[in-house]
Amino acid sequence: MRRLPPLTAIEAVVQVARLGSVKAAAQELALSAPALSRRVQALERFIGRPLFDRRHQAMQLNADGERLIAHIAPALDILSDAVEAMTSGTEVLRLRLGVLPLYASQRLFPHLPALRARHPELHLDIDTGSHGISRLGEGLDAAIVLAREIEPALYARRLDRNKILVIGHRALLDGPEPVTEPAQLSRLTALVHRDMPETFAHWRQAAGLGALEPAAIDLFDSGALILEAVARGLGVAFMHESHLEDAHDDRLVRLFDIEVDSPYSYWFVCRPRALIQRPVKLFHDWLLEALEVG
């Protein structure tokens, strides 16, 4: 068998790559920063080349580091699963899934009892952090993301197609000055999700309202908080039709009869090699069936 570098050195490099700094990775591994740096340097000496571009306190993978992580991160996940299965006394399959909170609550969680009934051995570690795609293979096995398109190097299945609606508080229709014309948006704040930054501009262009400007555009990183902000009368949201329907909130209404196809969709994504892993394959196949994805 060929000689392998210490597992602790590999673990250190993976954590620095995931967190972007020695300090954060050291805290995660309960090490001092100098001790973690020595582990990273040990792997670099073993390989014979640097793996990071070092800039002050930050460390970013270089091209060699990215190639290495792409190969070893899935192997580390498999090793972790194997050890967990051996030590738990029963077969446990664990999937580290990245998913946006609103999608999780509206679309995924209602189906999870059926998943548990079919595959009781499959357990999910849910991660609602941002940048799910960039963390595939480095803490995440798979992710459900909101995007216009997915880079060809990844495996991806589109989970839906949707329309952009303008969502407002019911008082905007029932009040003394009902909002019935798009021009009235000029006195309202538009609420936009950071993962869907072009929703307002796309809706405005498709609706033929190129000169329309809202009073302001506020950005959120949580769809659930956008809907709550609308329900509190803080603005109008440019979101998907399914977001309104699945909210089941009587305070929220659709404004205008304008329907615009959204350039954004939810996607299931993972690294192609990850589909070989049983937890990923079981979840993938079940998800497409549950959502009736063709």
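Residues numbered from 1 in each chain as written. Predicted model: local features only at pLDDT ≥ 70, side-chain atom pairs only at ≥ 80, totals over all residues. Heavy atoms only, no water.

Caption draft 1: Geometry of the packing of aromatic side chains. Counted under the stated rule, the structure contains seven aromatic pairs. With 5.3 Å between their ring centres and 70 degrees between their planes, Trp 203 and Phe 238 make a pair best called edge-to-face. Residue Trp 203 is found in helix 8 (residues 199–206), and its partner Phe 238 is found in strand 10 (residues 236–240); the two are separated by 35 residues along the sequence. According to the relative accessible area criterion, Trp 203 is buried, its value standing at 0%. (Phe/Tyr/Trp six-rings, centres within 6.5 Å; stacked < 30°, edge-to-face > 60°. Helix = DSSP H or I, 4+ residues; strand = E, 2+ residues; numbered from the N terminus. Buried < 20%, exposed > 50% of the residue type's maximum accessible area, 1.4 Å probe, protein only.)

Caption draft 2: Inspection of the pattern of salt bridges at higher detail. Per the stated rule, a full pass over the model turns up 17 salt bridges. Salt-bridge contacts for Arg 54 lead to Glu 44; the nearest nitrogen and oxygen are separated by 2.9 Å. Of this pair, Arg 54 sits in strand 1 (residues 52–55) while Glu 44 sits in helix 3 (residues 33–47), and the two are 10 residues apart along the sequence. Residue classification places Arg 54 among the partly exposed residues on the basis of a relative accessible area of 43%. On the accessibility criterion, Glu 44 (10% relative accessible area) is buried. For the salt bridge of Arg 251 with Asp 249, the shortest nitrogen-to-oxygen distance reads 2.8 Å. (Salt bridge = Lys/Arg side-chain N within 4 Å of Asp/Glu carboxyl O.)

Caption draft 3: Spatial organisation of the sheet that holds strand 7 (residues 163–169). Strand order in the open sheet formed by five strands is 9-8-10-7-11, and the pairing between neighbours is mixed. In this open sheet, the two strands that pair with only one neighbour each are strand 9 (216–220) and strand 11 (252–261). Taken over all neighbouring pairs, the strand axes of this sheet differ in orientation by 30 degrees on average, direction set aside. As defined by bridge partners, strand 8 (residues 189–193) adjoins strand 10 across two bridges and the pair is classed as parallel. Across the sheet, the residue bridging to Ala 190 is Val 236, located in strand 10. Against the sheet, helix 8 engages strand 7, strand 8, strand 9, strand 10 and strand 11, with an angle of about 65 degrees to strand 11. (Pairing = 2+ DSSP bridges. Axes fitted to C-alpha atoms, helices over the stretch in contact; angles between N-to-C directions. Contact = heavy atoms within 4.5 Å.)

Caption draft 4: Region of interest: the sheet that holds strand 12 (residues 265–270). Pairing is mixed across the open sheet formed by five strands, whose spatial order is 4-3-5-12-6. With one partner strand each, in any of the chains shown, strand 4 (122–127) and strand 6 (155–158) form the two edges of the open sheet. With strand direction ignored, the average angle separating the axes of adjacent strands in the sheet is 25 degrees. Bridging between strand 6 and strand 12 involves four bridges; their strand directions are antiparallel. Within the sheet, the bridge partner assigned to Ala 156 lies in strand 12 and is Val 269. Sheet strands touched by helix 5 (residues 101–108): strand 3 (93–99), strand 5 (142–147) and strand 12. Its angle to strand 3, the strand with the most contacts, is close to 115 degrees.

Caption draft 5: The nonpolar core, seen in detail. Counting residues in hydrophobic clusters, the biggest one holds 29 residues, and the most contacted among them are Leu 108, Ile 144, Leu 159, Phe 268, Phe 283 and Leu 287. Among the secondary structure elements, those contributing two or more residues to this core are strand 3, helix 5, helix 6 (112–118), strand 5, strand 12 and helix 11 (278–290). Among the elements that make up this core, the one with the highest residue count is helix 11 (six residues). Contacts of Phe 283, omitting those with residues within four sequence positions, involve Leu 95, Leu 97, Leu 108, Leu 115, Leu 122, Leu 124 and Phe 268. (Core = buried A, V, L, I, M, F, W, Y, C linked by side-chain atoms within 4.5 Å.)

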